Amino acid sequence: MRCPFCNEDNTKVVDSRPSDENNLIRRRRQCEACGKRFTTYEKIETIPLVIIKKDKTREPYNRNKLMNGVVRSCHKRSVSMSEIEGLVDEIENSLYNSLKKEVKSKDIGQKVMEKLKTIDEVAYVRFASIYREFKDINTFMDELKKILNDK
């Protein structure tokens, strides 16, 4: 590991600890040449994940797109960012643990709806209305009736 200050490649690890729910290793390093300390992070390299969209096009998985969709659904609701990040982390982990290289966006949307339903029903309905592309009020009402019947 090269020192960001003097560019020497002779550094030693001073401290090492897990970070981000054991998905990362945070390492404090010290340069043997100049003595300055800096931090590095080590993460497991994951296989690239490709999303198959409704129109059959493919694109690389983008955590930010998933996160933004959930955040929009939870807008002005009492859902914390840590809950949203936890939801996205759970879905992301299940995607990578499935060991599939390609996943349908439909499957991801279904997982999001299942998780949102347990966190906030209004956020669930908001997400479902966009995800399922409700065409009219009757379709929307059918979804609301399902929620009421589950109680």
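Look up: the structure comes first, before these words.
Here the structure is a predicted model, which means the values were calculated and not measured.

Asks: Tell me about a positive patch on the surface, and please be specific about residues and values.
Replies: Positive charge collects at one region of the surface, where K56, K100, K104 and K106 lie side by side. Positionally, K100 belongs in the loop between α2 (81-97) and β6 (102-104).

Asks: Can you explain the side chain of R27? Please cite residues and give values.
Replies: Among the secondary structure elements, R27 is positioned in strand β2 (residues 24-31). Only 2.5 Å separates the side chain of R27 from the side chain of S16, close enough to count as a polar contact. Side-chain polar atoms of R27 contact the side chain of E42, separated by 3.0 Å. Every residue in contact with R27, bar those within four places of it in the chain, is listed here: V13, D15, S16, F38, T39, T40 and E42.

Asks: A description of the sheet that holds strand β4 (residues 50-52) should follow, citing residues and the corresponding values.
Replies: Taken in spatial order, the three strands of this open sheet run β5-β4-β6, and their pairing is mixed. Strands with a single pairing partner mark the edges of an open sheet, and in this sheet they are β5 (58-60) and β6. Geometrically, the sheet is characterised by an average inter-axis angle of 35 degrees between neighbouring strands, direction not taken into account. Here helix α3 (residues 105-119) sits on the sheet and contacts β4 and β6; the angle it forms with β6, its principal contact strand, is near 65 degrees.

Asks: Requested: an account of the packing of aromatic side chains, with residues and values cited.
Replies: One pass over the full model with this rule turns up one aromatic pair. Between Y61 and Y96 the ring centres are 6.3 Å apart and the planes differ by 85 degrees, which places this aromatic pair in the edge-to-face class. One end of the pair, Y61, is in the loop between β5 and α1 (63-73); the other, Y96, is in helix α2, and 35 residues separate them in sequence. One Lys or Arg, K36, reaches over the ring of F5 and ends 5.1 Å from the middle of that ring.

Asks: Talk me through the pairing of β2; I want residue IDs and the actual numbers.
Replies: Pairing geometry for strand β1 (residues 11-19) and β2, over eight bridges, is antiparallel. Residue pairing across strands places V13 opposite R29, the latter belonging to β2. Counted along the chain from β2 to the antiparallel partner strand β3 (residues 37-43), the turn is five residues long, and its residue G35 has a positive phi close to 85 degrees.

Asks: Give a description of unusual backbone geometry that names residues and reports values.
Replies: A positive phi angle is found at N7, which is not glycine, with a value near 70 degrees. In this structure, N7 sits in the segment before β1. Overall, the relative accessible area of 49% leaves N7 in the partly exposed class. Unlike most non-glycine residues, K56 shows phi in positive territory, near 75 degrees. Relative to the helices and strands, K56 resides in the loop between β4 and β5. On the basis of relative accessibility, which here comes to 62%, the residue K56 falls in the exposed class.

Asks: Would you mind going over the nonpolar core in detail, with residue names and values included?
Replies: V70, I108, V112 and L116 are the most contacted members of the largest nonpolar core, which totals 24 residues. Looking at this core, the elements that each hand over two or more residues are α1, α2, α3 and α4 (121-131). Here this core gets six residues from one element, more than from any other, and that element is α4.

What counts, and where the lines are drawn
Note that residues are indexed from 1 along each chain, following the sequence as it is written. Owing to the predicted nature of the model, reporting of local features is limited to residues with pLDDT of at least 70; listing and counting of side-chain atom pairs is limited to 80 or more, with chain, interface and lining totals taken over all residues. Side-chain calculation: all heavy atoms of the structure are included, whereas hydrogens and water are not. Each patch is built from residues that are more than 30% exposed by relative accessible area and take part in no salt bridge. Like charges join if they lie within 9 Å; nonpolar side chains (Val, Leu, Ile, Met, Phe, Trp, Tyr) join within 5 Å. Residue burial considers only the protein chains on display, and all accessible areas are found by Shrake-Rupley using a 1.4 Å probe. Take a side-chain nitrogen of Lys or Arg and a carboxyl oxygen of Asp or Glu: if they are within 4 Å of each other, that pair is a salt bridge. Positive charges are assigned to Lys and Arg, negative charges to Asp and Glu, while His and the chain termini are left out of the count. Taken as the charge centre is NZ of Lys, CZ of Arg, CG of Asp or CD of Glu, depending on the residue. Starting at the N terminus, helices and strands are each numbered in turn, a helix being any DSSP run of H or I of at least four residues and a strand any DSSP run of E of at least two. Pairs of N or O atoms are called polar contacts if they sit within 3.5 Å, as long as, within protein, a hydrogen donor faces a hydrogen acceptor (for residues adjacent in sequence, only side-chain-to-side-chain pairs). Whether two residues are in contact is decided by their heavy atoms: any pair within 4.5 Å suffices. Two strands qualify as a pair provided DSSP detects at least 2 bridges between them. Convention adopted: a line fitted to C-alpha atoms gives each axis, helices being fitted over their contacting stretch, and angles between N-to-C directions are expressed from 0 to 180 degrees. Pairing of aromatic side chains requires ring centres within 6.5 Å, counting the rings of Phe and Tyr and the six-membered ring of Trp. Pairs whose planes differ by under 30 degrees are stacked, by over 60 edge-to-face, and all others tilted. Our definition puts a charge over a ring when NZ of Lys or CZ of Arg is within 6 Å of the ring centre and also within 35 degrees of the ring normal. Each residue gets one of three labels from its accessible area relative to the maximum for its type: buried under 20%, exposed over 50%, partly exposed in between, using a 1.4 Å probe on protein chains only. The definition of a nonpolar core used throughout is a set of buried Ala, Val, Leu, Ile, Met, Phe, Trp, Tyr and Cys residues joined through side-chain atoms within 4.5 Å.

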